[in-house]
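# Summary of the model geometry
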Amino acid sequence: MSDLLERLRARGWRLTSQRRVVAEVLDGDHVHLTADEVHARAAGRLPEISRATVYNALGELVALGEVVEVTTDGRAKRYDPNAHRPHQHLVCSGCGLIRDVHPTGDPLAGLPDTDRFGFTLSGVEVTYRGLCPECARA
């Protein structure tokens, strides 16, 4: 069973066949699919699944905190199932490919107290941008 499915089962999320296939499609490392990509892959496994069902399941997964919405440069939202593993993103400015990266150290520690303006920090989002090997060759 996938990590996402295990987490959902542990939370008592009702795993209908449609929800299950959406969770299965999202499972894995470096998964950052758009809703349309999730629907296309889910329909390959369960042809009767509707686009609305996929959107609803994704919305529920985000609300549960089991999937994170990732938006880059005005492109379509992408869905990242690695919500429980702290990581940052490396984004290709050419094709939009997204890879998970796990730099060492605490990114919150990089912001000096003088630049926090009294904020109590709860998280940080870092996005590295560049060209993937294929776009760099083009």
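Every value quoted in this text rests on a predicted model; they were computed, and no experiment measured them.

What counts and how
- All residue numbers here refer to positions counted from 1 along the written sequence of the relevant chain.
- Predicted model: local features are reported for residues with pLDDT of at least 70 only, side-chain atom pairs are reported and counted for 80 or more only, and whole-chain, interface and lining totals are derived from all residues.
- Values shown for side chains rest on all heavy atoms present in the structure; no hydrogens or waters enter the calculation.
- Any carboxyl oxygen of Asp or Glu within 4 Å of a side-chain nitrogen of Lys or Arg constitutes a salt bridge here.
- The helix count covers DSSP runs of H or I at least four residues long, the strand count covers runs of E at least two residues long, and both are numbered beginning at the N terminus.
- Think of a 1 Å grid over the protein atoms and nothing else: a 1.4 Å probe that fits but is trapped marks a cavity, an open set flanked by protein within 12 Å on at least five of seven lines marks a pocket, and residues with an atom within 4 Å of a point count as lining.
- Grid points are joined across faces, edges and corners, and a volume is the space filled by probe spheres set on the points.
- Pairs of strands are assigned from DSSP output, requiring at least two bridges between the strands.

### Quick look at the pattern of salt bridges
All told, the structure shown has ten salt bridges when counted by the stated rule. Salt-bridge contacts for glutamate 60 lead to arginine 19; the nearest nitrogen and oxygen are separated by 2.5 Å. With a gap of 41 residues between them, glutamate 60 in helix H4 (residues 51-64) and arginine 19 in helix H2 (residues 17-26) connect regions that are remote in the sequence. Of the charged contacts, one joins aspartate 113 and arginine 116 as a salt bridge, the two residues approaching to 3.8 Å between their closest N and O atoms. A single salt-bridge network, built from bridges that share partners, covers Asp3, Arg7, Arg11 and Glu66.

### Notes on the layout of surface pockets
Size it by volume and the largest pocket reaches roughly 430 Å³. Of all the elements in the fold, those that place two or more residues in the lining of the largest pocket are strand E2 (68-70) and strand E4 (88-92). The dominant element in the lining of the largest pocket, judged by the number of residues it contributes, is E2, at three residues.

### With respect to the sheet that holds strand E3 (residues 78-80)
A sheet is described by the order of its strands in space; here three strands give the open sequence E1-E3-E2, paired in antiparallel fashion. In this open sheet, the two strands that pair with only one neighbour each are strand E1 (33-34) and E2. As judged from the three bridges shared by E2 and E3, these two strands associate in the antiparallel manner. Pairing of valine 70 across the sheet is with arginine 78, part of E3.

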